[in-house]
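# Structural features, examined
Spelled out, the chains give:
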Amino acid sequence: QLQAAAVRALIHTIINMLQQRCSRQTSMHGAARQRQTTVRVCANRAAQEPNLQLATAKLPRATQIPVFASALYQWASTLTQSGGNYPMILPVKTDRLPTGFKMSLLKAVTKGNFDSAADIEAIVEEENGEPVLFVRFYEGPAAMADRRGGQIPTDAEARLDLILQGLPDVPTLMQTMPRAIRKAVQLAGGVPAAV
């Protein structure tokens, strides 16, 4: 649990740095901030399904959501292929969603077959009439596939924290995401942000 707390603290620090660099109209909030929201079902994952909210970003109203979503998907789908980014430890599969992307971190389940250990969804939803990017972490079917020993928590949050501890790629992803969000906002006609 200490490692999961360290990951969350790192994510919160990165988000705070983004807050300072972005315009007044764009802001991010870390997973430590609890939100009471009504959310929609998207990409076969219900928001009511157990998840950790890694981050949120309030987007400028002028942002063209399809352009923003396409730019964010482009970043996510090329994350391990770009020389400017760190290579991922686990294989990654990225799917385009209508307002963002879903990235699945894959684990081998049987010889030659892979399944999702965890999914990270970044989707834009409307909240109080304004576009907001939500980044959520979900358990995948292969999350406990290679688990040896120890008791598996029954509490959803504790289980997700345990899964998060075993996925070192999540901090890498979250470290590079703020810059990608700023660029996507700029491309989508929102307020240009310093990179």
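Note that the structure is predicted; figures quoted are calculated from it, not measured.

### Here's the deal with the overall build of the chain
- Each helix and strand in the chain was counted, giving four helices and six strands.
- Going from N to C terminus, the chain has its helices and strands arranged as α-β-β-α-β-β-β-β-α-α.
- Within the chain, the fraction of its 195 residues that count as buried is 47%.
- Counted over contacts in the chain with a minimum sequence separation of 6, partners at least 24 positions apart contribute 60%.

### Digging into the pattern of salt bridges
- Throughout the structure, instances matching the rule amount to five salt bridges.
- In this structure, the salt-bridge partner of Arg61 is Glu130, at a minimum N-O distance of 2.9 Å. On the criterion of sequence distance, the pair formed by Arg61 in the loop between β2 (51–58) and α2 (65–77) and Glu130 in strand β6 (residues 130–139) is long-range, its members being 69 residues apart.
- Given a relative accessible area of 17%, Glu130 falls into the buried group.
- Among the charged side chains, a salt-bridge network with shared partners connects Lys58, Arg61 and Glu130.

### A short note on the pairing of β6
- With nine of 10 residues buried, β6 is to be regarded as a mostly interior element.
- Where β2 lies against β6, seven bridges are found, and the strand directions are antiparallel. When the bridges of β6 are listed, Lys58 appears paired with Val132.
- Sheet topology places strand β5 (residues 113–127) next to β6; 10 bridges connect them, and they run antiparallel. Its bridge partner lying in β6, Glu121 is registered against Arg136.
- Between β5 and β6, which pair antiparallel and follow one another directly, the connecting turn spans two residues, one of which, Asn128, has a positive phi of 55 degrees.

### Brief notes about the side chain of Ser116
- Checked against the element boundaries, Ser116 lands in strand β5.
- Relative accessible area serves as the criterion here: at 7%, Ser116 is assigned to the buried category.
- Side-chain polar atoms of Ser116 contact the backbone oxygen of Ala118, separated by 3.1 Å.
- With residues near it in sequence (within four places) discarded, Ser116 still touches Ser104, Leu105, Leu106, Gly140, Pro141, Ala142 and Ala143.

### Let's talk about the environment of Leu160
- Along the polypeptide, Leu160 turns up in helix α3 (residues 156–165).
- Given a relative accessible area of 3%, Leu160 falls into the buried group.
- Residues Leu160 and Ala143, spaced 17 residues apart in sequence, show a C-alpha to C-alpha distance of 9.3 Å.
- The contact partners of Leu160, leaving out residues within four places of it in the chain, are Pro50, Asn51, Leu52, Phe137, Tyr138 and Glu139.

### Focus: the environment of Pro168
- For Pro168, the location among the structural elements is in the loop between α3 and α4 (169–187).
- Owing to a relative accessible area of 43%, Pro168 belongs among the partly exposed residues under this scheme.

### Points about the nonpolar core
- Among the nonpolar cores identified, the biggest contains 40 residues, and Phe68, Leu72 and Phe137 are the most heavily contacted of them.
- Those elements that place two or more of their residues in this core are β2, α2, β4 (100–110), β5, β6, α3 and α4.
- In terms of residues, this core owes the most to one element, α4, which gives eight residues.
- Not counting the four nearest positions on each side in its chain, Phe137 is found in contact with Pro50, Asn51, Leu52, Leu54, Ala118, Asp119, Ile120, Leu160, Ile163, Leu164, Leu167 and Val170.

### Side note on the packing of aromatic side chains
- Here the structure, examined in full by the defined rule, presents one aromatic pair.
- Considering the side-chain rings of Trp75 and Phe101, the 6.0 Å spacing of their centres and the 65 degrees angle between planes classify their relative orientation as edge-to-face. In this pair, Trp75 sits in helix α2 while Phe101 sits in strand β4, placing the two residues 26 residues apart along the sequence. The exposure classification of Trp75 matches that of Phe101, with both residues buried.

Parameters and conventions
- Residues numbered from 1 in each chain as written.
- Predicted model: local features only at pLDDT ≥ 70, side-chain atom pairs only at ≥ 80, totals over all residues.
- Heavy atoms only, no water.
- Helix = DSSP H or I, 4+ residues; strand = E, 2+ residues; numbered from the N terminus.
- Buried < 20%, exposed > 50% of the residue type's maximum accessible area, 1.4 Å probe, protein only.
- Contact = heavy atoms within 4.5 Å.
- Salt bridge = Lys/Arg side-chain N within 4 Å of Asp/Glu carboxyl O.
- Pairing = 2+ DSSP bridges.
- Polar contact = N/O pair within 3.5 Å; in protein donor to acceptor, adjacent residues only side chain to side chain.
- Core = buried A, V, L, I, M, F, W, Y, C linked by side-chain atoms within 4.5 Å.
- Phe/Tyr/Trp six-rings, centres within 6.5 Å; stacked < 30°, edge-to-face > 60°.

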